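# Summary of structural features
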Amino acid sequence: NAGVMQNPRHLVRRRGQEARLRCSPMKGHSHVYWYRQLPEEGLKFMVYLQKENIIDESGMPKERFSAEFPKEGPSILRIQQVVRGDSAAYFCASSSGTGALSSYNEQFFGPGTRLTVL
Amino acid sequence: AQSVAQPEDQVNVAEGNPLTVKCTYSVSGNPYLFWYVQYPNRGLQFLLKYITGDNLVKGSYGFEAEFNKSQTSFHLKKPSALVSDSALYFCAVRDIGAGGSYIPTFGRGTSLIVHP
């Protein structure tokens, strides 16, 4: 059973370009979470999605950032017009369960995408 | 509201000695508590969780954690440290009380360094 897959593992973009990060959850998991990690700030929640729905995007910047989890295919975190401050490691996690049952399930993390903006 | 604190940025311990990585939390209801470990250039790996029941929780790689409600703590422990335990450790909490969040809040992480 493959774990959470993320690609690319490393992504280099110039300022103003778009970054597209992909995440395939563990088989059977329908909950996806995106986090950003900076060395001095720890792990920061960005967005929580279920299939075709954004459940909580309270941690995601209002501009330039968007996320989706379509019925088919991986979850996508898209950053438009990247700036140097977007350089970070972006982690995707997935969990199983529905409704209240998902609340105590641990999250399984992917290896991350390290975004560097030149 | 929920929050978690890991008061130590770094913990140093000699191989073979017991280790403790501290975590305290704040919730308005009851907590679900988790520990994760992150090795360099890797994602977080789940170690253990407290949901209910016994206050002492045993997890992967010989780690355990004790839930202490009166002290609002959930310290991670291991009786005998290995050099391979050197990594970044994250505590996370979810408040399952009224107004709680289904998104866990993670601590800033504690770097554990085990010296040979």
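For the structure, check the block above.
What counts and how
Residues numbered from 1 in each chain as written. Chains lettered and ligands numbered in written order. Predicted model: local features only at pLDDT ≥ 70, side-chain atom pairs only at ≥ 80, totals over all residues. Heavy atoms only, no water. Pairing = 2+ DSSP bridges. Helix = DSSP H or I, 4+ residues; strand = E, 2+ residues; numbered from the N terminus. Axes fitted to C-alpha atoms, helices over the stretch in contact; angles between N-to-C directions. Disulfide = S-S within 2.5 Å. Buried < 20%, exposed > 50% of the residue type's maximum accessible area, 1.4 Å probe, protein only.

### A short note on the sheet that holds strand 8 (residues 75–79) of chain A
Residue and element names in this part refer to chain A. The antiparallel open sheet is built from 4 strands, whose spatial order is 1-3-8-7. Across the chains shown, the open sheet's two edge strands, defined by having one partner strand only, are strand 1 (5–7) and strand 7 (65–68). In this sheet, neighbouring strand axes are inclined to one another by 15° on average, regardless of whether the strands run parallel or antiparallel. Where strand 1 lies against strand 3 (residues 19–24), 3 bridges are found, and the strand directions are antiparallel. Note that in strand 3 the partner of Asn7 across the bridge is Arg22.

### Some thoughts on the state of the cysteines
According to the stated counting rule, one finds 2 disulfides over all chains in the structure shown. With a sulfur-sulfur separation of 1.7 Å, Cys23 of chain A is cross-linked through a disulfide to Cys92 of chain A. Its S-S torsion of about -50° marks the bond between Cys23 of chain A and Cys92 of chain A as left-handed, since a negative value means left-handed. You can see Cys23 of chain A sitting in strand 3 and its partner Cys92 of chain A sitting in strand 9 (residues 88–95), a full 69 residues away along the chain. Assigned by exposure class, Cys23 of chain A and Cys92 of chain A land together as buried. Between Cys23 of chain B and Cys91 of chain B runs a disulfide, and the two sulfur atoms are separated by 2.0 Å. Disulfide Cys23 of chain B to Cys91 of chain B: torsion about the S-S bond roughly -65°, handedness left-handed. You can see Cys23 of chain B sitting in the loop between strand 3 (19–21) and strand 4 (24–26) and its partner Cys91 of chain B sitting in strand 10 (residues 87–95), a full 68 residues away along the chain. Here Cys91 of chain B falls in the buried class, since its relative accessible area comes to 0%.

Note that all results are geometric; they support no functional claim without further evidence.
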